[in-house]
Amino acid sequence: AYDVLIVGGGPAGAAAAVYAARKGIRTGMLAERLGGQTMDTMGIENFVSVLETDGPKFAAALEQHARLYEVDILNLQRAEKLIPATDNDGLVGVQLANGATLHSKTVILSTGARWREVNVSGEREYRNKGVAYCPHCDGPLFKGKRVAVIGGGNSGVEAAIDLAGIVGHVTLLEFGDALRADAVLVSKLKSLKNVDIHTQAQTTAITGADGKVNGLTYIDRASGESRRVELEGVFVQIGLVPNSEWLKGTLELSRHGEIVVDARGQTSLPGVFAAGDVTTVPFKQIIIATGDGAKAALGAFDHLIRSSAP
Ligand code: FAD
């Protein structure tokens, strides 16, 4: 059995692995895809102290750092079930899709999240070529340009306010009759001069030429007319979905499906910790996920030295 078993090999999992292994305890890390979301990222310019890198390079460095220590790395493995410890052996079980069950004194869940897609033509084709999901990450790439934000909930309206300070012009498109964000955000958004807001707007396509976005089309649901907006970027802000479906019913999740953690990364289940985008910790960023992974590993280590299990 492991002392610490980490489920997820993105920034949070890799940081947890490095911190746990440096304590000299038996550490395992399993992941469907090492690197996680960073494998889908083009430029990374906000991991402080690394001026500029790209996602696959960053992911390779995460793996290299974990492999520097004695971490048992199981790539391309999917966890399907978490089995809480019983009084008999005090070990938590993680059941894999291949049928095997791994056991560990502590488990760190760092399965991350995924952006919800609008599922219109052009979205996949122009991903990272004008279609973006993270204003904190990619906002500066559109300095002075025209962008749209799809989604009028809190994240969409926050993104539009944030982007309006960087880009030339923002068009916000909301499918429903009204923006769904907090009133204070909506009134802030409405006060900005370089923002147009369209409600009852159903995005139908993202278009481009020469490998770059050049516009989007939407249907005005009130009139049924199709409209086109010329622009250079589209930010999709219709939700971030935590990869926690497999945990439903075993530990406490927020109403958004995020794993509820305390300041040490402890979940509602003894010996089970969590870190990164899959948790209730706000602001989904690499630097936050790595710090969080380190914290959960130290939390798990603290749990181990306090528990009676040998
Ligand atoms: P993830 O990176 O999502 O990793 C999750 C890990 O868990 C993966 O290894 C996955 O395979 C594994 N996993 C999931 N479910 C299971 C399962 N059931 N069993 C086994 N393994 C599982 N942030 C920045 O700070 N700067 C940027 O410039 C930036 N750009 C971004 C661009 C894009 C296109 C995207 C999508 C995100 C970007 N982000 C950026 C956000 C950043 O990538 C995330 O905040 C960060 O990767 C979260 O790390 P994590 O380890 O919590 O989760």
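You'll find the structure just up there.
Definitions and cut-offs
- Per-chain numbering applies: the sequence of each chain, read as written, is numbered from 1 onward.
- Local features are withheld for residues below a pLDDT of 70 in this predicted model, meaning they are given only at 70 or higher, and side-chain atom pairs are given and counted only at 80 or more; totals for whole chains, interfaces and linings count all residues.
- Hydrogens and water are ignored here; the side-chain numbers use all heavy atoms of the structure.
- Put simply, DSSP marks the helices as runs of H or I at least four residues long and the strands as runs of E at least two long, and each gets a number from the N terminus on.
- The quantity called the radius of gyration is restricted to C-alpha atoms. Its globule counterpart is 2.2 Å times the number of residues to the power 0.38.
- For the exposure calls, accessible area comes from a 1.4 Å probe over protein chains only, and a residue counts as buried if that area is under 20% of its type's maximum, exposed if over 50%, partly exposed in between.
- Contacts: residue pairs with any heavy atoms within 4.5 Å of one another.
- The rule for pairing is simple: two strands pair if DSSP sees at least two bridges between them.
- Axes here refer to lines fitted to C-alpha atoms; in helices the fit is confined to the stretch in contact. Angles between the N-to-C directions go from 0 to 180 degrees.
- Here is how to tell: hold the view so the strands point away, follow the path from the first strand over the helix to the second, and if it runs clockwise the crossover is right-handed.
- Any residue with a heavy atom positioned within 4 Å of a molecule or strand is treated as near that molecule or strand.
- Note that accessible areas follow from Shrake-Rupley with a 1.4 Å probe, and for residues the cover is restricted to the protein chains shown.
- Throughout this entry, Asp, Glu, Lys and Arg are counted as charged residues, while Ala, Val, Leu, Ile, Met, Phe, Trp, Tyr, Cys and Pro are counted as nonpolar. The remaining residues, Gly among them, count as polar.
- Two cysteine sulfurs form what is called a disulfide whenever their separation falls within 2.5 Å.
- Under the pairing criterion, centres of Phe, Tyr and Trp rings, with the six-membered ring standing for Trp, must be within 6.5 Å; the plane angle then separates stacked pairs below 30 degrees from edge-to-face pairs above 60, leaving the rest tilted.
- Lysine NZ or arginine CZ positioned within 6 Å of the ring centre and within 35 degrees of the ring normal marks a charge as sitting over the ring.
- The term nonpolar core refers to a set of buried residues drawn from Ala, Val, Leu, Ile, Met, Phe, Trp, Tyr and Cys, joined through side-chain atoms within 4.5 Å.

**What to know about the overall build of the protein chain**
Within the protein chain, the secondary structure is distributed over six helices and 19 strands. Taken over the C-alpha trace, the protein chain has a radius of gyration of 21 Å; the compact-globule value for 310 residues is 19 Å, and the two agree within 12%. Along the three orthogonal principal directions, the C-alpha set of the protein chain runs to about 70 × 35 × 35 Å. Counting every position in the protein chain, which comprises 310 residues, the buried fraction comes to 50%. Pairs at least 24 apart in sequence give 57% of the contacts found in the protein chain among residues at least 6 apart.

**Examining the sheet that holds strand β11 (residues 146-150)**
Strand order in the open sheet made by the five strands is β10-β17-β11-β12-β13, with parallel pairing throughout. Strand pairing shows two members of the sheet lacking a second neighbour, β10 (131-132) and β13 (195-198), which therefore form its edges. Strand contacts of helix α4 (residues 154-164): β11, β12 (169-173), β13 and β17 (233-236), with the helix running at about 170° to β12, the strand carrying the most contacts.

**Here's the deal with the pairing of strand β1 (residues 2-7)**
Where burial is concerned, most of β1 is hidden: six out of the six residues are buried. Pairing of β1 with strand β8 (residues 101-109) involves five bridges; the strand directions are parallel. Looking at β8, one finds that V7 is bridged to L109. Of the pairings in the sheet, the one linking β1 to strand β2 (residues 27-31) comprises four bridges and is parallel in character. Bridge assignment links L5 to a residue of β2, and that residue is G28. For the crossover from β1 across helix α1 (residues 11-21) to β2, the handedness is right-handed.

**A short note on the site of the ligand**
What surrounds the ligand is a group of 33 residues, the closest being R33, Q37, N46, A79 and I286. Burial of the ligand by the protein amounts to 96% of the accessible area it has alone, namely 1,000 Å². Going through the elements one at a time, α1, β2, β3 (43-44), β9 (113-115) and α6 (286-306) are the ones with two or more residues in the shell around the ligand. Residues of the shell around the ligand, tallied by class, amount to 13 nonpolar, 14 polar and six charged.

**Examining the state of the cysteines**
In total, this model carries one disulfide according to the counting rule given. Between the sulfur of C134 and that of C137 lies a disulfide, 2.1 Å long from S to S. The chirality of the disulfide connecting C134 with C137 is right-handed, given an S-S dihedral of about 65°. For C134, a relative accessible area of 9% translates into the label buried.

**Points about the packing of aromatic side chains**
Enumeration according to the criterion identifies three aromatic pairs in this entry. Aromatic pair F47 and F58: ring centres 5.2 Å apart, planes at 65°, arrangement edge-to-face. Here the residue F47 occupies a position in the loop between β3 and β4 (53-54), and F58 occupies one in helix α2 (residues 55-67), the gap between them amounting to 11 residues. Residue F58 is classed as buried on the basis of its relative accessible area of 8%. Both rings, one in F142 and one in F235, keep their centres 5.4 Å apart while their planes meet at 75°; by these two values the pair is edge-to-face. Of the two residues, F142 sits in the loop between α3 (135-138) and β11 while F235 sits in strand β17, which places them 93 residues apart along the sequence. In this structure F235 comes out as buried when scored by relative accessible area, which is 0%. Geometry around F175 places R221 over its ring, the cationic atom sitting 4.0 Å from the centre.

**A few points about the pairing of strand β16 (residues 225-230)**
A regular strand places its side chains on the two faces of the sheet in alternate fashion. In terms of strand pairing, strand β15 (residues 212-220) meets β16 through six bridges, oriented antiparallel. Each residue of the ladder has a partner; that of I219, found in β16, is S226. Between the antiparallel neighbours β15 and β16 lie four residues, among them G224 with a positive phi of about 80°.

**Some remarks on the nonpolar core**
Counting 22 residues, the largest nonpolar core has V4, I6, A17, M29, V71, I73 and I108 as its most contacted members. Listed by contribution, the elements that provide at least two residues to this core are β1, α1, β2, β5 (71-75) and α6. Setting aside its immediate chain neighbours within four residues, I6 contacts G13, A16, A17, T27, G28, M29, L30, I108 and S110. Counting 21 residues, the second largest nonpolar core, distinct from the first, contains V107, I259, A274 and V278.

**Overview of the sheet that holds β16**
Spatially, β14-β15-β16 is the arrangement adopted by the three strands of the open sheet, whose pairing is antiparallel. The outermost strands of the open sheet, each flanked by one partner alone, are β14 (201-209) and β16. Pairs of neighbouring strands in the sheet enclose a mean axial angle of 25°, with direction left out of account. Bridge analysis of β14 against β15 gives eight bridges, and the strand direction is antiparallel. From the neighbouring strand, A209 faces β15, where its bridge partner is K212.

Scope: geometric values only; no functional claims are made or implied.
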